[in-house]
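Coordinate analysis (summary)
Now for the letters of each chain:
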Amino acid sequence: RILKILEKQSPGLKNNVELSVGDIRNLEFLEKLFGSKKSDRIGFDGVIHCCGLKAVNDSISNPIEYWDVNVGGTLNLIKVMKNHNCNVLVFSSSATVYGQPSLIPIKESKKLDPLNPYGRTKAAVENILFDLHKAYPKTFRIAILRYFNPVGAHESGLIGELPVGTPNNIFPLLNQAALGIRKRFEIYGNDWPTKDGTCIRDYIHVMDLASGHLCAMEYLLENEPSIECFNLGTGLGTSVLELVKVFQKVNKVNFPFRFCEKRKGDIAEAVADNLLAKKKLNWVPKKDINQMCTDGWRWFLNHHNS
């Protein structure tokens, strides 16, 4: 699907794309992958690391697996990067590392206080990366990107979110309710201390998130070795109830929803202060909540039977 998009947008890049499939916990696989590039006298300039498990509820039920993949896997990656003199890393972290915020919007300087195993694994990796940079301050260039709530899909409708099994994220659940796969959409709690009683989140279009990674990589390659944290969010809060209504309106669909019990590990509100990313990375999110809803629905209509 990436190749199909490149055919239309950048056909000259088609031959530059390679896919190697493996498990980040497999040290032998990573060594072989990095070694194959070294033999070509090319080597990797840097790594965008977004391999991990990422569902709050699932992490509460399966904490050992989360520590194994998210922390153990990252340690493997760092070891191999160091062995092959690849010292540039963009790491996918999460706003869950902040825990319950006392001030909104949330700044990168907030003390980390994750409330669930998923958030704790991300915070642990961040600590490892800070230790790594402290040990090799003139070598490693590291950007830690703290995602808020990515949603939507590529505008082509070719790439999007299709979870295996029961979805944990809000958008697949919305899509399934809209198509009638689910009887209704469930909102976890209606008595949160927010304007309409439902949780408020900073939803960011996945394509804006993707551009943030490219900006971060360019920033690291063009500047002296450092380690920095950046929030990737729009800086705008949308309640779950507002999201449901926007989704129904822009996609011209109607489906029932109901309020149910709150989930463990959830917080009332999380909105990013994204000024640092805007200033240093020269990054600006461009797509609004309407585009997130239309792009996400288009993808699902095209590929829900995949």
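Quick notes on the rules
- Residues numbered from 1 in each chain as written.
- Predicted model: local features only at pLDDT ≥ 70, side-chain atom pairs only at ≥ 80, totals over all residues.
- Heavy atoms only, no water.
- 1 Å grid on protein atoms, 1.4 Å probe; cavity = no way out; pocket = protein on both sides within 12 Å on 5 of 7 lines; lining within 4 Å.
- Points joined across faces, edges and corners; volume = space filled by probe spheres on them.
- Helix = DSSP H or I, 4+ residues; strand = E, 2+ residues; numbered from the N terminus.
- Nonpolar A, V, L, I, M, F, W, Y, C, P; charged D, E, K, R; others polar.
- Axes fitted to C-alpha atoms, helices over the stretch in contact; angles between N-to-C directions.
- Parallel < 35°, antiparallel > 145°, perpendicular 65-115°, else oblique.
- Left-handed = near helix turned anticlockwise from the far one by under 90°.
- Contact = heavy atoms within 4.5 Å.

1. Some thoughts on the layout of surface pockets
Taken as a whole, the second largest pocket spans an internal volume of roughly 220 Å³. What lines the second largest pocket is simply Asn57, Thr166, Pro167, Asn168, Leu173, Arg182, Lys183, Arg184, Phe185, Glu186, Tyr188 and Arg263. The element contributing the most residues to the lining of the second largest pocket is strand 5 (residues 185-188), with 3 residues. Among the residues forming the lining of the second largest pocket, the class breakdown is 4 nonpolar, 3 polar and 5 charged.

2. Side note on the packing of helix 4 (residues 63-83) against helix 5 (residues 117-135)
For any two helices packed against each other, one specifies the inter-axial angle together with the distance between the axes. Where helix 4 contacts helix 5, the axes come no closer than 9 Å and their chain directions differ by 20°. When the axes of helix 4 and helix 5 are compared, the pair comes out roughly parallel. Judged by the twist between their axes, the crossing of helix 4 over helix 5 is right-handed. Of the residues in helix 5, those touching helix 4 at Pro63, Tyr66, Trp67, Asn70, Val71, Thr74, Leu75 and Ile78 are Pro117, Tyr118, Arg120, Thr121, Ala124, Val125, Ile128, Leu129 and Leu132. When the residues that make up the contact of helix 4 with helix 5 are grouped by side-chain class, the tally is 13 nonpolar, 3 polar and 1 charged.

3. Some remarks on empty space enclosed by the protein
For the structure on display, the rule yields 1 cavity of 30 Å³ or more. Considering only enclosed or pocket space, the largest cavity measures out at about 40 Å³ in volume. In terms of lining, the largest cavity is formed by Gly152, Glu161, Phe171, Pro172, Asn175, Gly296 and Trp299. Listing elements by their share of the lining of the largest cavity, those giving two or more residues are helix 6 (170-179) and helix 10 (289-303). Looking at the lining of the largest cavity, the element that brings in the most residues is helix 6, giving 3 residues. Looking at the lining of the largest cavity residue by residue, the classes come out as 3 nonpolar, 3 polar and 1 charged.

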